[in-house]
Amino acid sequence: MHHYARRLRRRTLLLLLVIASTISLVPASADADVAALTPRPMATVDPDGSLADFSPVWAVVEANGRWYVGGDFQTVAGESQPYLAAIEVSTGRLDQLFRPQVNGEVRSLAVSPDGTSIYVGGRFNNISGSWRSRLAKLDAVTGVVDPAFDPGASASVEALVTDGTSLWAGGLFSTIGGTASDHLAKLDATTGAPDPLWTTTAGNKVLDLELQGTTLYAAGNFNTLGTSPVSKIGRMD
């Protein structure tokens, strides 16, 4: 366990160094439905070992020998690749095959258990010419938008987690997939259709989700989860 933790810390440090050296910053975009968010900067490490803030990177997942990175950046390794990119783990280079064009900030990412799909949430409404309102599913190798998955959310999607069958989304939205669902939703991972049996919502924005077995953990600015008084963090079975 300790050896694994050390390896994980070393890999995380390498990732932060790669991101710090390859991604260029731009001012945060102004979006009315996320204006009240408190920034959550990611700490990065400069080559001399000192810490620095790197706020425009909001989400990172690893799969297929790549780091998928989402945020508010515009270029990676000197190339235009706004908001979403894949970086080769072995070289730190921009993946030239995964080049989706997103028109707004990416706030959350999740990868399917088999590594074939990347779920993307944020403040965008178009990816590579396809209309996708704040939530999309992409091919993990090519970045092509999945035409069958298009639930749409009414406001920013801040958190995503999947078990391959279902996708849980959290954020500032009040509707998703055409169904009322305040800040928290469970969707079909293939079609994006809301689960009709899922009735749990949050009293305010959900900023993070974690799935452990069949238990879902949520964190955010809420004081209720479903019908229960829950402050900031809670779990659901």
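Look up a bit, the structure's there.
Residues numbered from 1 in each chain as written. Predicted model: local features only at pLDDT ≥ 70, side-chain atom pairs only at ≥ 80, totals over all residues. Heavy atoms only, no water.

Novice: I tried to follow the overall build of the protein chain on my own but got confused; where do I start?
Specialist: Secondary structure assignment for the protein chain yields one helix and 23 strands. A separation of at least 24 residues holds for 38% of the contacts in the protein chain among residues at least 6 apart in sequence. (Helix = DSSP H or I, 4+ residues; strand = E, 2+ residues; numbered from the N terminus. Contact = heavy atoms within 4.5 Å.)

Novice: What's the story with the sheet that holds strand β4 (residues 57-63) in this structure? I'm lost.
Specialist: In any sheet, the strands associate via hydrogen bonds between backbone groups, in a parallel or an antiparallel arrangement. The strand order across the open sheet formed by three strands is β4-β5-β8, and the pairing between neighbours is antiparallel. Of all strands in the sheet, those with a lone pairing partner are β4 and β8 (84-88), marking the two edges. Between one strand axis and the next, the sheet turns by 20° as a mean value, whatever way the strands run. Pairing of strand β5 (residues 66-71) with β8 involves five bridges; the strand directions are antiparallel. Across the sheet, G70 pairs through a bridge with L84, a residue of β8. (Pairing = 2+ DSSP bridges. Axes fitted to C-alpha atoms, helices over the stretch in contact; angles between N-to-C directions.)

Novice: Can you help me understand the environment of G234 in this one?
Specialist: Position of G234 among the secondary structure elements: in strand β23 (residues 233-236). The spacing of G234 and L209 is 25 residues in sequence and 9.9 Å in space, taken between C-alpha atoms.

Novice: When you look at the packing of aromatic side chains in this model, what are you seeing that I'm missing?
Specialist: Aromatic ring pairs are described here by two measures, namely the spacing of the ring centres and the angle between the planes. Overall, the coordinates contain two aromatic pairs when judged by the stated rule. Judged by centre distance (5.1 Å) and plane angle (75°), the ring pair of Y68 and F98 falls under edge-to-face. Of this pair, Y68 sits in strand β5 while F98 sits in the loop between β8 and β9 (106-111), placing them 30 residues apart in sequence. You can call Y68 buried: its relative accessible area is 0%. Aromatic pair Y119 and F149: ring centres 5.5 Å apart, planes at 65°, arrangement edge-to-face. (Phe/Tyr/Trp six-rings, centres within 6.5 Å; stacked < 30°, edge-to-face > 60°. Buried < 20%, exposed > 50% of the residue type's maximum accessible area, 1.4 Å probe, protein only.)

Novice: Would you explain the pattern of salt bridges in this entry?
Specialist: Two side chains of opposite charge can pair, provided their charged atoms sit close to one another. The full count for this structure, using the stated rule, is eight salt bridges. Note that D95 is salt-bridged to R66, the shortest N-O span being 2.2 Å. Highlighted residues: D95 in the loop between β8 and β9 and R66 in strand β5, separated in sequence by 29 residues. D95 gets classed as buried once you look at its relative accessible area, which sits at 5%. For R66, a relative accessible area of 15% corresponds to the buried category. (Salt bridge = Lys/Arg side-chain N within 4 Å of Asp/Glu carboxyl O.)

Novice: Is there a simple way to explain the nonpolar core in this structure?
Specialist: In a soluble, globular protein the nonpolar side chains are often hidden away together inside. Core analysis: the largest hydrophobic core is formed by 19 residues, its most contacted members being Y68, L84, V106, L109, V120 and L138. Elements with a contribution of two residues or more to this core: β4, β8, β9, β10 (117-122) and β13 (135-139). Sort the elements by how many residues they give to this core and β4 lands first, with three residues. Contacts of L84, omitting those with residues within four sequence positions, involve V69, G70, F73, F98, P100, V102, V106, L109, V120 and L138. If you look at the next biggest cluster of nonpolar residues, it comprises 16 residues, including L135, A169, L172 and A189. (Core = buried A, V, L, I, M, F, W, Y, C linked by side-chain atoms within 4.5 Å.)

By themselves, these figures tell us nothing about what the structure is for.
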